Each structure stands twice: as structure tokens, then as C-alpha cells.
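Survey of secondary and tertiary structure
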Amino acid sequence: MKKLPENFIFGGATAAYQAEGATKEDGKGRVAWDTFLEENYWYTAEPASDFYHRYPIDLKLAHDFNINGIRISIAWSRIFPNGYGEINQKGVEFYHKLFQECHKNGVEPFVTLHHFDTPEVLHSNGDFLNRDNIEHFVNYAKFCFDEYKNEVNYWTTFNEIGPIGEGQYLNGKFPPGIQYDLGKLFQSHNNMMVAHAKAIAYFKENDYPGEIGVVHALPTKYPYDPNNPDDVRACELEDIIHNKFILDATYLGHYSKETMDGVNHILAENGGNLEITEDDLKTLDKAKDMNDFLGINYYMSDWMRGDYEGETTITHNSTGDKGTSVYKIKGVGQRESDVDVPRTDWDWMIYPKGLYDQIMRVVNDYPNYHKIYITENGLGYKDKFEDGTVYDDERIDYIKQHLTAVYEAIQDGANVAGYFLWSLMDVFSWSNGYEKRYGLFYVDFDTQERYPKKSAYWYKKLAETRNIDA
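This report concerns the structure included in the present document. No experiment lies behind these values; they were computed from the predicted model shown. Each chain carries its own residue numbering, running from 1 in the direction its sequence is written. Local features in a predicted model are, by the rule used here, given only for residues with pLDDT of at least 70; side-chain atom pairs are given and counted only at 80 or more, and totals for whole chains, interfaces and linings are based on all residues. The side-chain figures draw on all heavy atoms in the structure; neither hydrogens nor water molecules are used.

**So, the overall build of the protein**
Which entries qualify depends on this criterion: For helices the rule is a DSSP run of H or I covering at least 4 residues; for strands it is a run of E covering at least 2, with both sets numbered from the N terminus onward. Between the two quantities, the radius of gyration covers C-alpha atoms and the globule rule is 2.2 Å times the number of residues to the power 0.38. Partly exposed residues are those whose accessible area sits between 20% and 50% of the maximum for their type, while under 20% is buried and over 50% is exposed, using a 1.4 Å probe and protein chains only. Here, two residues are considered to be in contact whenever any of their heavy atoms come within 4.5 Å of each other. The method behind every accessible area is Shrake-Rupley, applied with a 1.4 Å probe, and residues are considered shielded solely by the protein chains displayed. Charge assignment: positive for Lys and Arg, negative for Asp and Glu; neither His nor the chain ends contribute. Positions of charges follow a simple convention, taking NZ of Lys, CZ of Arg, CG of Asp or CD of Glu.
The helix and strand tally for the protein stands at 15 helices and 17 strands. Compactness check: the protein gives a C-alpha radius of gyration of 21 Å against a globular reference of 23 Å for 470 residues, within 12% of the reference. Dimensions of the protein, computed from C-alpha atoms along their principal axes, come out at roughly 55 × 50 × 45 Å. In the protein, buried positions account for 63% of the 470 residues. Once local pairs closer than 6 in sequence are excluded, the contacts in the protein between residues at least 24 apart make up 77%. As displayed, the protein has an accessible area near 17200 Å², and 45% of this comes from carbon and sulfur atoms. Averaging the locations of the 47 positively and 75 negatively charged side chains of the protein gives two centres separated by 3 Å.

**A short note on empty space enclosed by the protein**
Heads up, the rule is: Residues are said to line a cavity or pocket when one of their atoms sits within 4 Å of a point; the points come from a 1 Å grid over protein atoms alone, cavities being sets where a 1.4 Å probe fits but cannot get out and pockets being open sets with protein on both sides within 12 Å along at least five of seven lines. Grid points are joined across faces, edges and corners, and a volume is the space filled by probe spheres set on the points. Charged means Asp, Glu, Lys or Arg here, nonpolar means Ala, Val, Leu, Ile, Met, Phe, Trp, Tyr, Cys or Pro, and polar covers whatever is left, Gly included.
Under the counting rule described, the total for this entry stands at three cavities of 30 Å³ or more. Space inside the largest cavity adds up to approximately 40 Å³. Looking at the lining of the largest cavity residue by residue, the classes come out as six nonpolar, three polar and one charged.

**Overview of the sheet that holds strand E1 (residues 9-13)**
The test is simple: Any two strands with at least two DSSP bridges between them are considered paired. Every axis in this analysis is a line fitted to C-alpha atoms, fitted for helices over the stretch in contact. Angles between the N-to-C directions lie between 0 and 180 degrees.
Strand order around the closed barrel formed by eight strands is E1-E2-E3-E4-E5-E7-E12-E15, with parallel pairing between neighbours. For this sheet the average axis-to-axis angle between neighbouring strands, irrespective of direction, equals 25 degrees. For strand E5 (residues 211-217) and strand E7 (residues 293-297), the ladder comprises five bridges, and the chain directions are parallel. Considered in E7, the bridge of Val215 is made with Gly295. Where helix H7 (residues 132-147) meets the sheet, its contacts fall on strand E3 (108-114), strand E4 (154-159) and E5, and the angle it forms with E3 comes to roughly 155 degrees.

**Some remarks on helix H12 (residues 278-287)**
Here is the rule: Directions drawn from the helix axis to the C-beta atoms are what define this arc.
For H12, the full list of buried residues reads Asp280, Thr283, Leu284 and Ala287. Looking straight down H12, one finds that the buried residues subtend no more than 95 degrees of arc, so they occupy a single side. Those residues of H12 that are exposed and aimed more than 90 degrees away from the buried face are Glu278 and Lys282. Residues of H12 that are buried sit in contact with helix H9 (182-205) and helix H10 (229-252).

**So, the pairing of strand E2 (residues 69-73)**
Most of E2 is tucked away, with five of its five residues classed as buried. Burial along E2 is two-sided: the face carrying Gly69, Arg71 and Ser73 and the face carrying Ile70 and Ile72 are both buried. Strand direction decides the pairing type here: E1 and E2, joined by three bridges, are parallel. Bridge pairing links Gly12 to Ile70 in E2. Judged from the five bridges that link them, E2 and E3 form a sheet pairing that is parallel. Of the residues in E3, the one forming a bridge with Arg71 is Phe110.

**Regarding the sheet that holds strand E6 (residues 220-223)**
Two pairing modes exist for strands in a sheet, parallel and antiparallel, and in both the strands are linked by backbone hydrogen bonds. Overall, mixed pairing links the five strands, which are arranged E6-E8-E11-E10-E9 in an open sheet. Unpaired on one side and paired on the other, E6 and strand E9 (313-315) mark the two borders of the sheet. Ignoring which end each strand starts from, the neighbouring axes of this sheet average 25 degrees apart.

**Section: the layout of surface pockets**
In this model, the largest pocket occupies a volume close to 980 Å³. Looking at the largest pocket, it is lined by 49 residues, and the ones nearest its centre are Glu166, Lys173, Met300, His316 and Trp348. If you tally residues by element for the lining of the largest pocket, the top one is helix H8 (residues 161-169), at four residues. Estimated volume of the second largest pocket: approximately 310 Å³. Considering the residues around the second largest pocket, the lining is formed by 14 residues, among which Lys221, Cys235, Glu236, Asp239 and Arg361 are closest to the centre. At the level of secondary structure, the elements contributing two or more residues to the lining of the second largest pocket comprise E6, H10 and helix H13 (352-365). Among the elements that line the lining of the second largest pocket, the one with the most residues is H10, at five residues. Of the residues assigned to the lining of the second largest pocket, the class counts are four nonpolar, two polar and eight charged.

This is how it looks when you write it as C-alpha cells:
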């Protein structure tokens, strides 16, 4: 019997921009995504899942299905429409009501301060490439710590610093839509980690109640041929881009020689500059032991070949047309899909062992991690709604396999305290719109009605028994 620990959190995850809708309501300021979607895509985040109005319904569903934790993000521009200065009191009050409703339903809110949605005023001024915005973020964090200290016990500074830099400056699927600028990618990573470190140090030095951490997306990388030195090297460099650089900043408080050698090689091949100041390193070093937890978002693994000598070329699969992804980075290598591993329609390789390997990598390489939550994991699927539900056996199997990987990591000494399925209900997807669904609860985006999927009933039983095989 594979039974998860007592007090394990069985959660569901959301994000403000992907769930709330109400993008222009009650004084909310614009974010860069508002303009980017209007100019480049066939959908917007309006009304998304209408969580702004329907959160009591979703939290009641969570309660009824034994979900005892929810990831929620605060929309920075609901509090500060311009990112700083004037405060929008209606936005402040909305989150008070939301957190109170969480506690009323016995659902612990795990609150993220930044989930891809820098206010447009600051984003158009360089986002986190502009060091002034580090201070604006820290001031916003300070406000939230003070305002909600009696309602929030778990804080996350950033969600997925790695994919933010990747989306903004590597594959161009996030605003401002820049491609192949590795210098900006690493600079964004560094500056956001400095912002995290400053916010977490302030939280600890002022003895706020509760815990604070950061959420990193950590896709596990493997060499296509472990006996081929070129493939092994490609895997190491790809890991630096997506994982090692930000993990070093989080837990070492500096960048190891191995990491910086890799970064310098990548920049020499692709161009670009990276400025890491002495103050940056002092800030990172000060905060390296202050993280109460690490959130790991895990969806996929990748296999790397090192025999690529062409120019950087990336094609993002945003339509669910399997086999359309291309990923080749000059001086690094290319992702290889010809492996005996299933993948989703969006070309994400389904490999539960990658989650185990990534957890144990953190445990072994960064022993000051303290505690881990799996803050996102789930199966994006073209759900078929019939008979008032979705018979999503594939999703149940996916969750079961990944929770088995979590169980095995716990058995091997990892401190993993909870699992948050992405997503609680179906939500808007950044670069895929509304067709790609993840939720336990099906959302009819025309009527905004919620319907429990087969997976919701399975997850309810799991939370009751903590037995993965039940």
C-alpha cells in the first residue's frame, strides 16, 4: 500500500490571470498579457473561469471533494494598478474576502505574489530587466505581508522564474515576444531571484507569521545517449538554462563555477551579456537559507542531443497538433522526441520518473531546501464532455503515476509535504487558450457552470485515504 504522510496537503492550483477574469473590473490595472493577447492571439483571458465572481462556488467544491489546499495568486495590478503608488482598495478587499472564504471552507490558501502578470506600466519599462522594478516588487510584497498577515500562512514570491525568462526572451510566447536572446533570459532570471531574495529577507527579518518560499518549474533533462559525451554536455547546458542557474541562486546564494562556465559558453555562442553585481551576490547569499519551502512545478522531461551546429530555432506547439514542436539552441543541442516515452498533444513528454529524479536532485545537491511541495503537476487534455461529466481516466493515471514518484521520493528521504494538481478547475491557458484543459472540475466557458470530472471523485477518495492505489 502506497500511503502518503499524515497532514499531507491534497491541493488544487490556480493563478489570478488564468482564473479570475474581470480584467477591467473594479479598478484593476492592465497587464502586458492584455495587449499581447489582443494583438497576437484568437482569445483573451476574459472571462477565464470567472473566479473573481465565482470563487465561493469553487471553494465549496474544494471543500466537498476533500481538497484542503489551494494555490492562489494575487494580481499585482489589482492592488497597485500601475505597479506602485496608488492603491486600489477594491482589489485589496477582494483578496480579504477570498482568503476568508478559503478558511471558511477549510482550504488553506498558498498565496503567490507574482504569477506571470507584471503590471503593464512596469512591464513596458523593461519588466525585471529594469532593476527599478525589483524595488517595486519588493514594496508590493511588503504591502501584502502587512495587509494579509492574519489570513495567509504560506507565501510564494514568484511562480516559475525560469519559464518567464524563457517565454519572454527565448521562445517569444510571452510578452514582449522576443526570441533567442539568451543574455536577456539569464539577466531576467538573476534579477527576479534578487527580487525574491530581498522579499524573503524582509519577511524573515520582520518576523511575519507563517512560511515563505519560491516555486520553480523544474523539467528534468536527460542525454539522448548517456554514452555520448556530446549528448551529456547538451543535457548539462540545457539544465543550466532551465534549472541549475535558478536553483544555485536560491540555495547556494551564488552561481557555481560549473554553472557560470556553462552560461558563458551559451552567451559566447548566441551573443548577449549578463551583469551580476556584488550587491546581487550579497543579497542572494543572505537569503539562501531563509526559504521555508521549495515549490516544484513538474510536467515533463526532455532528452537532448548534442550534434546540432545550426542557428537557434524554436517552434512552440500552441495548437495541440502533436509533433509540431522544434527546439534547437546553438552551442547547446536539440530536443529529441524519438524516445520510448508517451507525450501529450502539445509534445510534453510524460515521464513520472523525472519528478522523482528532480526531487532527489534537489535533496542531494541543495540540502538546505528544508521542505518541498509539488505545486503544479497535471495533464493538459482535449477533454470530451459527455453525460454531464468528463471520463478522464488518462488524467487519473497521470496523477497516480506522479504521486507514486512522490511517494518513492519520500521513502528515500525527501521531505515532500503536499501536492497541488494543476488545476483545480479548468482555466485559461497562456499560449493555448481554452482548448487545453487540466481541471478536476469541467468549466463550461459559455455558462460558467462547473461539473466534477471522474478525476475529481478519484481525487476525493485519495484525499480521504491517502492511499495512492485505493
